[in-house]
Each structure stands twice: as C-alpha cells, then as structure tokens.
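One letter stands for each residue in the lines below.
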Amino acid sequence: MAKDERKTVVVVGAGALGLSSALTLLKALPSSKYRILLVASYFSADGPDPSFPSTAAGAHYRPIPATTPQLKFEARLANTTCNRFRNLAAEHPEYGIKFLEGREYVSGEAAPAYQALLPEYRQLDGFRVLNDDEKPTDVEFAARYETYTLDPDTYLFHLLRRYRLDGGEVKRAELKSLQEAFELEGHDVAIVVNCSGMGFGDPQVFIIRGGSPPSSGILGLIADRFSGQTCLVANLCDKTITQQDADGGWSFVIPRPLGGGTIVGGTKQPNDWNSLPEASIRNNLLEKAAKLYPAMLNAEGKFDVIRDIVGRRPAREGGLRLEAETLPSSTSSKRTVVHAYGAGGRGYELSWGIAEEVLRMVTDILPQSLLSRL
Ligand SMILES: Cc1cc2nc3c(=O)[nH]c(=O)nc-3n(C[C@H](O)[C@H](O)[C@H](O)COP(=O)(O)OP(=O)(O)OC[C@H]3O[C@@H](n4cnc5c(N)ncnc54)[C@H](O)[C@@H]3O)c2cc1C
C-alpha cells in the first residue's frame, strides 16, 4: 500500500471542545493535504467519569452578564455556539439538541448586575423580564428567553460518529506530554490542538466539584457552571430554570431532550477531588428543586431518581486558554500547539465558538500553499 504523504493535524481530547474542533478542522482543511487524528484517553462511550466532565454536564446555555473583557469575549463565543446549535438542531435531529424556554430567577447581590445588563440580554431570542405575577414572590429579578439543552451522551456519540463518517481518524492513547503527540508512529504531524480539558500540568488549572457556591463577584455570577454534584431524575420538565438566592445558594433544573429525564443541580467546591456522590447533597438539591418547580414532581409529590452525577469542571485562573505556543524541538521542524482548554463550567456553550477560534489559529499557522483545495 502506498505511503500516506499527507500531514496530520492531531487534536488531543474527545470532549465537547475536542470533538467540535476536530469536526471543524475536518470540514475546513483540504483532505488531500491533511489528515485529522483525534487522540484521547477517554471517549464518551466509556461512560461517566468524574475526570471527564463532558459526560457529566447538564447541559444548558445560560447567558452571563459580560462584566469583564474575558466574559465579553466568551459572550461572543457563546453567541456563535448558540447559532451553530440552532442549525444543528434543525439539520441533525439525532444530536438531540432541544430549543426551549430558559428562566432566570435572581435575588441578592447578583440581581443589580442582571438589571444593569438588560441591554445585552435583550439580544436573546424571546427575552422578556417577567412581571411580578409571573415569578415567585421572593425573587427580585426574573426573565425568560429561548435557549437550548442537550444530553451529553447522545450528543457526543453522534459528534464522534459524524467525525468518523466524514473521514476523521481516532486513536485511544494517554499521552504523557504534548511532545508525544508530535511523535505518533505513522504520522507526519503538522500541528497539535490541545483540547485536553485541564492542559498538561498547567499550574493555573484547578478543578471544581460539589459544595457551597460563592455568593458574590464574578464567581458568584457564574457559580452554577461549577456545580459538581447533580442528580438525574426521570421526572420531565418543559423549561430550564436557574435560581440564585439572596443567601448565595443556587438551584437549577435542566431537561434532557428525547425523554432523557431532568438534571437537578447543583453545587460547587474548588479543588475537591472526591469522586463519590454525597447523599446529603442529593437530598438538598431535590428539596430545593421541588420548591423551584413543583410541577415536575410525580403523583406522589416526589422525584424518581435515576442516578447521582459527579464531575470536575476544568477551571483555570484567568479563564480559558486559547492561544498558540511553539514547543522546544530538537528536530528541524517547528512544534506548534494550539491550546483550547480550561473552559470551566462553560465548555458546551462555548464549544463551537472555540472551534472557530482554533480553526482561525491553525490556518494562520499552516503554510498557505497547503490550504488550497486544488
Ligand atoms: C456537573 C456539571 C455540569 C455542567 N453543566 C454545564 C452546562 O450546563 N453547560 C456547559 O456549557 N458546560 C457545563 N459543564 C462544563 C462542561 O462539561 C465542561 O466545560 C466541558 O465538558 C469541558 O470539555 P473539554 O472538551 O474541554 O474537556 P473534557 O471533557 O475534560 O475532555 C478532555 C478530553 O481530553 C482527553 N485527555 C486529557 N488528558 C489527556 C492525555 N494526557 N492524553 C490523552 N487524552 C487526554 C480526555 O480523555 C478527554 O477525552 C458542566 C460540568 C459539570 C461537571
């Protein structure tokens, strides 16, 4: 058999970021010049694992007031992703993406931030501040808008299937370093994209599991994104609701499409590596959700619990790392890595925006002569 002369673009990671980046590269780069190889230690078919958060997510999209340059940038990525999900929902029903009503109930310190940022929220489809008679009495700010939810198992399975049907290559391996990705046997590697979730020994990365969420500051605004322990119940729900209480507590419900039940959450605890669910946390989550949306309860006024879910969000001081880096190399060829990791609790809702940034960086770096489809 003739030797494959094409260069390889390696994407490390088969989570939300790796799969969307790999698919985007596969569609954009000329297949006559480049192979795309996805290398990962975990795939979604392996089942839930706390260290593979893509299998543990809710997952819904909940805009955050863009109070910093980083959050403004992320808002743009989220917007790109939302548009992409809208197209995918229409063109690929098998991905199980559902557009539905989202509700935001906010009290306490965070409420003024939501009030002040109403102009940004008004861009969301179906955005409307709720009248007093439409919201719970103890809630200060309440709004509704159109958003989406997805079931990670279904979604990741079909992304990987699409990637493979379109000619993407896959390898299961645990890499000790990014240098190893340049030395894979049988591949002439042009560039490596690092979608490994937590990076490779990045000291700025930390994980967040279950516990008490922060009540103020930026972390307060986005605390539900760190929620580490959730509970999947069979009870169905027609909207996704997030509530921030005046005492700093959080609760949310996220319906999973295609009859996949509902996620009830959630909690946050930085640097907690406990991978076992705690019964007291589950009871607390269910109690709060029963108050948040009693219409979900079964005829006996209860939840039908399917399972607890524990996950660790790959958070990073300073936020998501999205940049290129040249690694030291003893050979004549340059070793450039495009990093895309540390999405914390926003990996799904930023994923397609991140994938477009990855593509932009990769095409800036690869020789222009090899990007033509001719
Ligand atoms: C309880 C919970 C609820 C959440 N809810 C939401 C939500 O509603 N909306 C939302 O947008 N996000 C949510 N998230 C966050 C979201 O799940 C993450 O941001 C996202 O999954 C991160 O994806 P990733 O692809 O960056 O990394 P990961 O999912 O961590 O995937 C990393 C991949 O890299 C591979 N890898 C890592 N190291 C190596 C190595 N050395 N060698 C080879 N392969 C390697 C792994 O095997 C894996 O395939 C939630 C998370 C949790 C835990």
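Rules of the game
Residues numbered from 1 in each chain as written. Predicted model: local features only at pLDDT ≥ 70, side-chain atom pairs only at ≥ 80, totals over all residues. Heavy atoms only, no water. Helix = DSSP H or I, 4+ residues; strand = E, 2+ residues; numbered from the N terminus. Buried < 20%, exposed > 50% of the residue type's maximum accessible area, 1.4 Å probe, protein only. Contact = heavy atoms within 4.5 Å. pLDDT = per-residue confidence, 0-100. Polar contact = N/O pair within 3.5 Å; in protein donor to acceptor, adjacent residues only side chain to side chain. Axes fitted to C-alpha atoms, helices over the stretch in contact; angles between N-to-C directions. Parallel < 35°, antiparallel > 145°, perpendicular 65-115°, else oblique. Left-handed = near helix turned anticlockwise from the far one by under 90°. Near = heavy atom within 4 Å. Areas by Shrake-Rupley, 256 points an atom, 1.4 Å probe, with all protein chains shown as cover. Nonpolar A, V, L, I, M, F, W, Y, C, P; charged D, E, K, R; others polar. Domains from an automatic or database assignment. Pairing = 2+ DSSP bridges. Expected span 1.5 Å × (residues − 1).

Caption draft 1: Region of interest: the environment of V233. Mapped onto the elements of the fold, V233 is located in strand β9 (residues 229–233). Here V233 falls in the buried class, since its relative accessible area comes to 0%. Expressed as a C-alpha distance, the spacing of V233 and R256, which sit 23 residues apart in the sequence, is 10.0 Å. Setting aside residues no more than four positions away along its own chain, V233 makes contact with G261, T262, V264, L286, M296, F303, D304, V305 and I306.

Caption draft 2: Broad picture of the confidence of the model for the protein. Mean pLDDT over the protein works out to 88, with 90% of the residues at or above the 70 mark. Under a pLDDT of 50 for its full length, residues 210–227 has, in the predicted model, 67 contacts with residues more than four places off or in other chains.

Caption draft 3: Layout of the environment of R6. Checked against the element boundaries, R6 lands in the segment before β1 (7–12). We classify R6 as partly exposed; its relative accessible area is 23%. Taking the C-alpha atoms as reference points, R6 and S32, separated by 26 residues in sequence, lie 7.0 Å from one another. With residues up to four places along the chain from it excluded, the contact list for R6 reads S31, S32, K33, Y34, R35, E169 and D188. Only 2.8 Å separates the side chain of R6 from the side chain of D4, close enough to count as a polar contact.

Caption draft 4: Quick peek at the packing of helix α1 (residues 16–28) against helix α9 (residues 347–365). Here α1 crosses α9 at 40°, and the two axes come no closer than 8 Å. Between α1 and α9, the interaxial angle falls into the category oblique. Judged by the twist between their axes, the crossing of α1 over α9 is right-handed. Facing A16, L17, S20, S21, L23, T24, L25 and A28 of α1, the residues of α9 in contact are G347, Y348, S351, W352, I354, A355, V358, L359 and V362.

Caption draft 5: Focus on the site of the ligand. Around the ligand lies a shell of 34 residues, among which S41, Y42, S54, R313 and G344 are the nearest. Here an oxygen atom of the ligand and a backbone polar atom of H60 are 2.9 Å apart. Here an oxygen atom of the ligand sits 2.9 Å away from a polar atom, N or O, in the main chain of E349. Isolated, the ligand exposes 1000 Å² of accessible area, and the fraction of that covered by the protein chains is 95%. Mapped by element, the contributors of at least two residues to the shell around the ligand are α1 and α9. With 3 residues, α9 is the largest single contributor of residues to the shell around the ligand. In terms of residue class, the shell around the ligand is built from 16 nonpolar, 14 polar and 4 charged. Residues from two domains meet in the shell around the ligand; each of domain 1 (1–59 + 151–204 + 317–374) and domain 2 (97–148 + 209–314) gives at least three.

Caption draft 6: A look at the sheet that holds strand β7 (residues 188–194). Taken together, 6 strands build an open sheet; the order of strands is β6-β2-β1-β7-β17-β16 and the sheet is mixed. Every interior strand has two partners, whereas the edge strands, β6 (169–172) and β16 (321–327), have only one. Strand-to-strand, the axes of this sheet are offset by a mean angle of 25°, without reference to chain direction. Sheet topology places β1 next to β7; 6 bridges connect them, and they run parallel. Note on β7: the bridge partner recorded for V10 is V192.

Caption draft 7: Looking closely at helix α2 (residues 69–91). Taking 1.5 Å of rise per residue, the 23 residues of α2 would be expected to cover 33 Å, and the 33 Å separating its terminal C-alpha atoms lies within 8% of that figure. Every buried residue of α2 is accounted for by L71, E74, L77, A78, T81, C82, F85 and L88.

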